[in-house]
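# Report on the structure
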Amino acid sequence: MLQDKEHDMTLIRLAFRNIFRNKARSSLTMGAIGFGVLMTLLLGSFILGLGSAMIDDTILGRIGALQVHKKGYDEVKDSQPLDYDLPADPALMAQIARIAGVRAVAPRLVFSGLISNGSQSTMMLAMGVDPKAEYQVLTTAKDFLQGKAVTEESKNGALIGKDLADALELKLGGAGSLQAATKAGQQNALDLELVGTTDNGNAFESKRQLFVPLAYAQELLGMPGRLTEIVVGVTDRDEVEAVAARVRQALGPTYEVQTWAQLRPNVQDVVDFQKMVLGAICLVFLVIAIIGVVNTMLMSVMERTREIGTMMAVGVKRRSISLMFLLEAVAMSALGGGLAMTVALIAIRTIAARGGIPANAPGSTAVYHIVPITPVGLIVPTLVATLLGTALAGVYPAIRASRLRPVEALRAT
Amino acid sequence: MSLVEIKGVTKTYQLGKTEVSALRGVDLTLERGEFTVVMGPSGSGKTTLLNIIGCLDNATSGSYKLDGEEVGTRDFNDLAEIRNRKIGFIFQSFNLIPVLNVIENIEFPCLIRGENKKELRERVQQVARDVGLDPFLKHKPDELSGGQRQRVAIARALVTQPQLVLADEPTANLDSVTSDQIIDLMLHLNREKGVTFLFSTHDPRVMQHARRVVRIQDGVMVDGSGSAQVEVDRLNAAQHG
Ligand SMILES: Nc1ncnc2c1ncn2[C@@H]1O[C@H](COP(=O)(O)OP(=O)(O)O)[C@@H](O)[C@H]1O
Ligand SMILES: [Mg+2]
């Protein structure tokens with residue numbers, strides 16, 4: 001470290017033994033450090049797990065990782081989405097599917113209109129989907145299903161948001177109808193049969209959303225062989241930007257390609273906000289640990305003043321005195337933090353192995369499982385912050401110890 | 001060349017606004033192999049003098065040559081080296097490192113200057129034997145009696161093979177029997193191993209053992225040339241009449 005092996009080993013030995021000298025005080029300090037590490041990892045693993053679940057839910061349960069539309073669709077999607085339609089071209093779908101990082105693609109025809117139970121009708125937002133492709137992209141979309149999903153067999157079988165079905169008192173197997181304006185502008189209506197309801201915890205979607213077979217939508221809207229949206233699943237969520245860039249490159253300027261984060265900026269915002277809150281909480285723990293270390297070390301220096309004088313008398317240099325106290329601070333954090341990290345990781349692994357803990361959005365019956373995760377991005381900063389923070393906390397006491405004048409230190413009681 | 005040459009050394013402590021003159025012009029010369037006792041009442045400046053000789057503190061004025069070298073102007077690290085290489089310390093309150101056992105306390109000054117632990121072992125055990133600590137090598141200081149602790153301190157002072165061992169009232173915290181044993185031990189080490197001792201005390205009894213006694217009072221040497229026997233006679237005379 002600073003000098004030769006025997007010198008350093010001697011200081012390290014002293015540092016460790018001195019920790020166990022005042023067991024109560026050291027335990028308290030190491031406890032504070034350990035508690036901080038434990039809470040950081042536990043809280044962190046759940047918050048990151050929650051964020052990850054939210055992103056997965058968005059990507060795998062709702063909108064896909066990427067969406068491809070005709071250029072200009074995004075600006076008019078709330079007024080005239082049908083004007084920006086695309087051909088249902090198997091070659092185009094295959095071209096996207098071949099791009100590196102793309103896992104699956106599915107066509108959609110998105111429209112709005114009225115759903116009626118024969119006596120009442122209400123607004124809805126519908127998606128015509130190709131069930132086989134759709135559920136390959138959205139692998140968890142069927143998780144909150146009652147009854148059946150959209151299938152190829154039932155030409156007019158609709159999957160409806162639970163609240164919407166309840167509002168219209170539509171039961172599974174019950175009949176209703178959809179009414180919408182065709183692309184040409186005429187009103188058109190088709191019968192439907194309720195094959196399933198879904199409640200994924202999103203109030204708006206539960207109240208307004210509806211899925212029908214793609215062919216049904218094309219017929220209702222007078223748009224045979226057309227679609228408005230292609231949803232894309234990716235193999236690696238973290239690669240989504242790169243995949244988006246490749247898709248953009250491949251399709252050229254007549255298409256627009258958006259990532260889930262662009263389509264649902266609020267999800268990304270929530271995830272980022274959670275991380276910020278986590279960071280702030282952990283900072284508080286770190287500050288508490290640092291104060292504990294400073295306090296403990298200052299008390300140690302005071303109690304050991306004469307010993308420091310003795311060490312100086314037999315020839316220990318100032319640098320070595322401060323190094324000894326620094327080592328002591330770091331050793332305390334390594335012991336307290338290391339133990340806490342072990343406990344935390346075992347606890348997290350155990351919880352994760354049991355499938356996480358269930359949680360549901362307020363007012364929803366949809367139950368998600370938050371599986372805690374411990375990415376390197378959580379563990380390494382925690383470790384580094386703990387060691388650096390406590391080392392920093394040791395600096396002032398260490399300097400105080402090294403600045404003592406030997407004669408005065410030796411006269412201390 | 002004498003081992004220690006002190007000329008006109010003064011030491012003034014600043015106590016708030018008042019100045020305390022602990023040493024007011026001390027001359028002292030120590031030769032190699034001597035066993036010298038500094039005698040003086042409490043507050044007379046013994047510790048101050050030993051601290052300066054031990055390079056733990058600087059004199060306010062005057063000159064100090066250790067082993068022919070002026071040490072007054074060195075910085076902390078240089079002085080730490082000098083202390084480590086040339087001087088051994090024995091304190092009134094033993095000053096062992098409580099978390100280290102006997103062996104570890106003894107070898108400590110050698111380890112921090114980088115001596116190899118294995119190569120040291122032989123010497124450390126020899127020194128421990130010399131001071132009669134053989135059976136206690138693994139004991140921690142708090143498991144030892146006062147006399148045993150002071151033996152550890154003596155061993156720690158000797159293990160670096162210093163040119164000078166400073167013992168500041170090393171028997172003040174010991175009972176008279178143990179005191180005698182410790183003094184005998186130091187005298188023995190002086191005689192057999194040629195270790196140079198400077199020993200401070202305010203206990204007249206101790207002087208019976210000394211070869212050379214210097215007397216200090218109020219920061220000045222009262223009598224730097226007296227032999228032990230002269231001193232004992234003088235004290236006896238003073239006590240009896
Ligand atoms: N650090 C100090 N600050 C102020 N006065 C001191 C200090 N050290 C010693 N003194 C004073 O110097 C004088 C000599 O002290 P000291 O050398 O300790 O004497 P002794 O060891 O003979 O008892 C005493 O009057 C003491 O109060
Ligand atoms: Mg004294």
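The rules behind the values
- Residues numbered from 1 in each chain as written.
- Chains lettered and ligands numbered in written order.
- Predicted model: local features only at pLDDT ≥ 70, side-chain atom pairs only at ≥ 80, totals over all residues.
- Heavy atoms only, no water.
- Axes fitted to C-alpha atoms, helices over the stretch in contact; angles between N-to-C directions.
- Helix = DSSP H or I, 4+ residues; strand = E, 2+ residues; numbered from the N terminus.
- Parallel < 35°, antiparallel > 145°, perpendicular 65-115°, else oblique.
- Left-handed = near helix turned anticlockwise from the far one by under 90°.
- Contact = heavy atoms within 4.5 Å.
- Nonpolar A, V, L, I, M, F, W, Y, C, P; charged D, E, K, R; others polar.
- Pairing = 2+ DSSP bridges.
- Core = buried A, V, L, I, M, F, W, Y, C linked by side-chain atoms within 4.5 Å.
- Buried < 20%, exposed > 50% of the residue type's maximum accessible area, 1.4 Å probe, protein only.
- Domains from an automatic or database assignment.
- Buried area = accessible area lost by both parts, 1.4 Å probe.
- Salt bridge = Lys/Arg side-chain N within 4 Å of Asp/Glu carboxyl O.
- Polar contact = N/O pair within 3.5 Å; in protein donor to acceptor, adjacent residues only side chain to side chain.
- pLDDT = per-residue confidence, 0-100.
- Near = heavy atom within 4 Å.
- Areas by Shrake-Rupley, 256 points an atom, 1.4 Å probe, with all protein chains shown as cover.

What follows concerns the packing of helix H11 (residues 265-303) of chain A against helix H13 (residues 318-353) of chain A. Residues and elements named next belong to chain A. Put simply, H11 and H13 touch, their axes get as near as 11 Å, and they point 140 degrees apart. With respect to H13, the axis of H11 lies oblique. Judged by the twist between their axes, the crossing of H11 over H13 is right-handed. Contacts between H11 and H13 involve Val293, Thr296, Met297, Ser300 and Val301 from the former and Phe325, Glu328, Ala329 and Met332 from the latter. Partitioning the contact of H11 with H13 into residue classes produces six nonpolar, two polar and one charged.

This part covers the sheet that holds strand E8 (residues 197-201) of chain B. By definition, the strands of a sheet pair up through backbone hydrogen bonds, in either a parallel or an antiparallel sense. All names here are of chain B. The six strands are arranged E6-E7-E8-E3-E9-E10 in an open sheet whose pairing can be described as mixed. Sheet topology places strand E6 (87-90) and strand E10 (220-223) at the edges, where each strand pairs with a single neighbour. Taking the axes of each pair of neighbouring strands and ignoring which way they run, one obtains an average angle of 25 degrees across the sheet. Of the strands in this sheet, strand E3 (35-39), E6, strand E7 (164-168) and E8 touch helix H6 (residues 176-193), which is tilted by about 160 degrees from E8.

Moving on, we get to the nonpolar core. By size, the foremost hydrophobic cluster in this structure holds 42 residues, and its most contacted members are B:Ile90, B:Ile106, B:Ile154, B:Met186, B:Phe197 and B:Phe199. Contributing elements (two or more residues each) for this core: E3, helix H3 (102-112), helix H4 (117-130), helix H5 (146-158), E7, H6 and E8 of chain B. In this structure B:Met186 touches B:Phe35, B:Ile90, B:Ile154, B:Ala167, B:Pro170, B:Phe197 and B:Phe199, once residues within four positions along its chain are discounted. Residues A:Ala15, A:Met297, A:Ala393 and B:Val99 belong to the second largest nonpolar core, which totals 33 residues.

Next up on the list: the domain arrangement of chain A. The parts lose accessible area when they come together, and the size of an interface is often stated as this lost area. All names here are of chain A. Here chain A is partitioned into domain 1 (2-58 + 268-411) and domain 2 (63-263). Using only C-alpha atoms to locate each centre, domain 1 and domain 2 end up separated by 50 Å. Between domain 1 and domain 2, the contact holds 11 residues from the first and nine residues from the second. Together domain 1 and domain 2 conceal approximately 930 Å² of surface at their shared face, both sides included; 54% is due to carbon and sulfur atoms. Ranking the residues of domain 1 by area buried against domain 2 places Ile55, Thr58 and Gln268 at the top, with a combined share of 47%. Where domain 1 packs against domain 2, one counts one salt bridge. The closest approach of N and O atoms between Asp56 and Arg237, which form a salt bridge, is 3.1 Å. Applying the counting criterion to the domain 1 and domain 2 interface returns three residue pairs in polar contact (both at pLDDT 80 or more). Here the element with the most residues in the side of domain 1 that touches domain 2 is helix H2 (residues 23-63); it accounts for four residues. Per-class residue counts for the side of domain 1 that touches domain 2 are five nonpolar, five polar and one charged.

Here we take up the interface of chain A and chain B. Taken together, the 25 residues of chain A in the interface contact 31 residues of chain B. Taken over both partners, the interface formed by chain A and chain B buries close to 2500 Å², and the fraction arising from carbon and sulfur atoms is 63%. By the criterion of area lost to chain B, the three top residues of chain A are A:Glu6, A:Arg17 and A:Val314, representing 22% of everything that side buries. Our enumeration of links across chain A and chain B arrives at three salt bridges.

Attention now goes to the confidence of the model for chain B. A residue-level look at chain B finds 93% of positions with pLDDT of 70 or above and a mean pLDDT of 90. Interface predicted TM-score (ipTM) for the complex: 0.91; the corresponding pTM is 0.82.

Residue and element names in this part refer to chain B. Looking at the secondary structure, you find Glu70 in strand E5 (residues 69-70). When the C-alpha atoms of Glu70 and Lys86 are compared, they prove to be 14 Å apart, with 16 residues separating the residues in sequence. The contacts of Glu70, once residues within four sequence positions are left out, are Ser63, Tyr64 and Lys65. Of the polar contacts made by the side chain of Glu70, one reaches the backbone nitrogen of Tyr64; its length is 3.1 Å.

What follows is about the sheet that holds strand E4 (residues 61-66) of chain B. Residue and element names in this part refer to chain B. With antiparallel pairing, four strands are arranged side by side in an open sheet as E2-E1-E4-E5. At either end of the open sheet lies a strand with only one pairing partner, and these are strand E2 (18-30) and E5. As paired elements, strand E1 (residues 4-15) and E4 share five bridges and run antiparallel to each other. Paired with Val4 across the bridge in E4 is Leu66.

On to the pairing of strand E4 (residues 121-129) of chain A. All names here are of chain A. Note that strand E3 (residues 102-116) and E4 share nine bridges and pair antiparallel. Within E4, the residue paired with Val110 across the bridge is Met127. What sits between E3 and E4 in their antiparallel hairpin is a turn of four residues, with Gly118 showing a positive phi close to 110 degrees. In this sheet, strand E9 (residues 209-213) lies alongside E4 in parallel orientation, the contact comprising five bridges. Across the sheet, Val129 pairs through a bridge with Pro213, a residue of E9.

Let us look at the pairing of E2(B). Residue and element names in this part refer to chain B. Of the pairings in the sheet, the one linking E1 to E2 comprises 10 bridges and is antiparallel in character. Bridging across to E2, Leu15 finds its partner in Thr18. Linking two consecutive strands that pair antiparallel, namely E1 and E2, is a turn of two residues; a positive phi of about 65 degrees is found at Gly16 within it.

Here the focus is the site of ligand 1. The local shell around ligand 1 holds 13 residues, among which A:Arg411, B:Gly43, B:Lys46, B:Thr47 and B:Thr48 are the closest. Between B:Thr47 and ligand 1, the recorded distance is 2.6 Å, taken from a side-chain N or O atom to an oxygen atom. Here ligand 1 has 550 Å² of accessible area as a free molecule, and 76% of this is covered by the chains. Taken together, the elements giving at least two residues each to the shell around ligand 1 come down to E1, E2 and helix H1 (46-53) of chain B. Counting residues per element, the shell around ligand 1 draws most heavily on H1(B), which supplies three residues. Here the residues of the shell around ligand 1 are counted per class, giving five nonpolar, six polar and two charged.

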